[in-house]
Amino acid sequence: MTERPSSPDGPPAGSYARHAIRLVAAVDAVRLLGAIPLGLGDAEALYAGYAGHLQGGYLDHPPLIGWLDAAVLAVWPSAYALRVLALGLFTLSAWLLFRLARELFDEAAAFWAVTALCVLPVFHLGGLAAAPDAPLVPLWLATLLAAWRARRRLAASTPANAP
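Source: prediction; values computed, not measured.

A. Layout of the nonpolar core. One finds Phe98, Val114 and Cys118 to be the most contacted residues of the largest nonpolar core, which totals 18 residues. At the level of secondary structure, the elements contributing two or more residues to this core comprise α1 (15-35), α4 (79-104), α5 (107-119) and α7 (133-157). Of all the elements, α4 adds the most residues to this core, at seven residues. Once residues within four sequence positions are removed from consideration, Cys118 is found in contact with Leu23, Val24, Val27, Arg31, Phe90 and His124.

Structure follows, in structure tokens:
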């Protein structure tokens, strides 16, 4: 059976993509089960406190995590809900990283990039915390992906001899 080629605009395709999806799902399940007995850390409780006092910014943190915490806590007022938010943002980060690495290199490189994201301690442990980096990482990756695509479109539309 032949696999369809990857499309930059479509969902991930191919065996590496399927393995990456399975890996992220397994890591998310382990994190979610591990989060059940844990309460919020000191910093996470502070960011959750932002949800009750929304502002355009805070002394030393960007406001996005407070806004997202407020939205999640309005629907599901629980520390567990904040863990689910963090896992959702981590999963979005893994998907965007896969898309970016696949466009820059190939599907195998994308799989290994996602594997590194899932197993390196700084990302593995950080992917469970509802902290300011949780929403910023997918935004950074989306910005990199958009910049890469814009550069590629510009290169395709510019004649080879243009100054």
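Following the structure, the description resumes.
B. Spotlight on the packing of α4 against α7. α7 packs onto α4 with a crossing angle of 20 degrees between their chain directions and a minimal axis gap of 9 Å. The pairing of α4 with α7 is recorded here as roughly parallel in orientation. For the crossing formed where α4 meets α7, the hand is left-handed. In contact with Leu89, Leu92, Ser93, Leu96, Leu97, Arg99, Leu100, Glu103 and Leu104 of α4, α7 contributes Ala134, Pro135, Val137, Pro138, Leu141, Ala142, Leu144, Leu145, Trp148, Arg149 and Arg152. Grouping the constituent residues of the contact of α4 with α7 by class yields 15 nonpolar, one polar and four charged.

C. Looking closely at the packing of aromatic side chains. For the structure shown, the criterion picks out five aromatic pairs. With a centroid separation of 5.9 Å and an interplanar angle of 75 degrees, the aromatic rings of Trp76 and Tyr80 are classed as edge-to-face. Taking relative accessible area as the criterion, Trp76 reaches 39% and is therefore assigned partly exposed. Through a chain of ring-to-ring contacts, the aromatic side chains of Tyr16, Phe111 and Trp112 assemble into a single cluster. Lying across the ring of Phe90, Arg31 places its NZ or CZ 3.9 Å from the centre.

D. Quick peek at helix α3 (residues 64-75). Between the first and last C-alpha of α3 there are 17 Å, a value that for twelve residues agrees with the 16 Å anticipated at 1.5 Å per step. Regarding α3, the residues found buried are Ile65, Gly66, Asp69, Ala70 and Val72. For α3, the secondary structure elements touched by its buried residues are α2 (42-50), α4 and α7.

E. Representation of α1 within the structure. For α1, built from 21 residues, the straight-helix expectation of 30 Å at 1.5 Å per residue is met to within 8% by its first-to-last C-alpha distance of 30 Å. Along α1, the residues that are buried comprise Ala17, Ala20, Val24, Val27, Asp28, Arg31 and Ala35. In an axial view of α1, the angular spread of the buried residues amounts to 100 degrees, which keeps them on one side of the axis. With respect to the buried face of α1, the exposed residues turned more than 90 degrees away are Arg22, Val30 and Leu33. Contacts from the buried residues of α1 go to α4, α5 and α6 (121-126).

About the cut-offs
Residues numbered from 1 in each chain as written. Predicted model: local features only at pLDDT ≥ 70, side-chain atom pairs only at ≥ 80, totals over all residues. Heavy atoms only, no water. Core = buried A, V, L, I, M, F, W, Y, C linked by side-chain atoms within 4.5 Å. Buried < 20%, exposed > 50% of the residue type's maximum accessible area, 1.4 Å probe, protein only. Helix = DSSP H or I, 4+ residues; strand = E, 2+ residues; numbered from the N terminus. Contact = heavy atoms within 4.5 Å. Axes fitted to C-alpha atoms, helices over the stretch in contact; angles between N-to-C directions. Parallel < 35°, antiparallel > 145°, perpendicular 65-115°, else oblique. Left-handed = near helix turned anticlockwise from the far one by under 90°. Nonpolar A, V, L, I, M, F, W, Y, C, P; charged D, E, K, R; others polar. Phe/Tyr/Trp six-rings, centres within 6.5 Å; stacked < 30°, edge-to-face > 60°. Lys NZ or Arg CZ within 6 Å of the ring centre and 35° of its normal. Expected span 1.5 Å × (residues − 1). Arc of directions from axis to C-beta.

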